[in-house]
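Breakdown of the fold
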Amino acid sequence: MFDFTKIYLSWRKGKGSRRFLVGLLEKDSLHQYTFKYNKEVVEDATKEGFTPYIELPDVNKVYDEYALQVFSQRLMKSERPDIQQFYDFWEIESSFEQDSFYLLGHTQGLLPTDNFEFLADYQIHPTLHFLTELASTSHNSLATDLLQVNDKLRVETETGNPHDSFAVKVFKEDQYLGYIKKVHNRIFHSPESDKLSLSAKAIDKNGIIKKLFIKVEFKG
């Protein structure tokens, strides 16, 4: 069973810049897909250099499954010899390895050549598990010996954040680490969010902790 039916298209000017949720890809109960831009957000993002996705240039149009086909081109090809390592890192369930919508949401469709991300709007579900990279981690100059893989983490919701009303901060004990990404943080405002467990999944170190991927899962 899917733990999301909506994926937001996020864009930012560069690393450390504000994320704009410029579009929404949705799956309905009949397994049909639609994508549309948020024109108001697009207008704001354009001031920072945003241009629409090349194959989806019309911000006034509602696109059909063609949009999913376009976005799926970002996914790693299944014939690559290292595809299993990719699936293992993102903890992709074998039954969904051919499902482009699931893969796009769970891997975020990240590419080193642009500043787009695909952020799934996860819902509480007994089989829920996903990975997310913390925002603002590199700004905190965290010592490399602060964290180990599988360390348990905790969250605190932050009220009054002017940039994101769903803002959620992550800590190891009392040490602040960073923020949960936009959209991914919404689940921590859901009923039963106290049943979510967080742990360190992967840590990129270079003098300081540069990147931190965490695993979120439902423990019941």
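So, a few notes on the structure that sits alongside this text.

So, on to the packing of helix α2 (residues 65–72) against helix α4 (residues 100–107). Two numbers describe a pair of packed helices, the interaxial angle and the distance between the axes. Packing of α2 against α4 leaves a shortest axis separation of 10 Å and a crossing angle of 55°. When the axes of α2 and α4 are compared, the pair comes out oblique. Handedness of the α2/α4 crossing: left-handed. Across the interface between the two elements, L68, F71 and S72 of α2 pack against S100, F101 and L104 of α4. Residues of the contact of α2 with α4, tallied by class, amount to four nonpolar, two polar and no charged.

Strand order in the open sheet formed by six strands is β6-β11-β10-β7-β8-β9, and the pairing between neighbours is antiparallel. Both edges of this open sheet fall to β6 (129–133) and β9 (175–179), since each of them pairs with a single strand only. Averaged over all neighbouring strand pairs, the angle between strand axes comes to 35°, with direction disregarded. Pairing of strand β8 (residues 168–172) with β9 involves four bridges; the strand directions are antiparallel. Opposite F171, over in β9, you have Y176 as the bridge partner. Sitting on the sheet, helix α3 (residues 83–90) touches β6, β10 (196–206) and β11 (208–218), and the angle it makes with β10 is about 130°.

Right, let's get into the sheet that holds strand β4 (residues 62–63). Taking strand neighbours across the sheet as the criterion, the five strands line up as β4-β3-β2-β1-β5 in an open arrangement whose pairing is antiparallel. One side of each edge strand has no neighbouring strand; the edge strands of this open sheet are β4 and β5 (116–120). Pairing between strand β1 (residues 6–11) and strand β2 (residues 20–27): six bridges, direction antiparallel. Each residue of the ladder has a partner; that of Y8, found in β2, is L24. The strands touched by helix α1 (residues 39–46) are β1, β2 and β3 (33–37); relative to β2, the strand with the most contacts, the crossing angle is about 145°.

Take T132: it is sitting in strand β6. Its relative accessible area of 0% is what places T132 among the buried residues. Among the polar contacts listed, one links the side chain of T132 to the side chain of H184, at a separation of 2.8 Å. Not counting chain neighbours up to four residues away, the residues in contact with T132 comprise Q108, I180, K181, H184, L212, F213 and I214.

The next subject is unusual backbone geometry. Backbone geometry at S141 places phi at a positive 50°, although glycine is not the residue there. Summarising the element assignment, S141 is placed in the loop between β6 and β7 (152–157). In this model, E192 sits at a positive phi of 70°, which is unusual for a non-glycine residue. Examined against the element boundaries, E192 turns out to sit in the loop between β9 and β10.

Quick notes on the rules
- Residues numbered from 1 in each chain as written.
- Predicted model: local features only at pLDDT ≥ 70, side-chain atom pairs only at ≥ 80, totals over all residues.
- Heavy atoms only, no water.
- Axes fitted to C-alpha atoms, helices over the stretch in contact; angles between N-to-C directions.
- Helix = DSSP H or I, 4+ residues; strand = E, 2+ residues; numbered from the N terminus.
- Parallel < 35°, antiparallel > 145°, perpendicular 65-115°, else oblique.
- Left-handed = near helix turned anticlockwise from the far one by under 90°.
- Contact = heavy atoms within 4.5 Å.
- Nonpolar A, V, L, I, M, F, W, Y, C, P; charged D, E, K, R; others polar.
- Pairing = 2+ DSSP bridges.
- Buried < 20%, exposed > 50% of the residue type's maximum accessible area, 1.4 Å probe, protein only.
- Polar contact = N/O pair within 3.5 Å; in protein donor to acceptor, adjacent residues only side chain to side chain.

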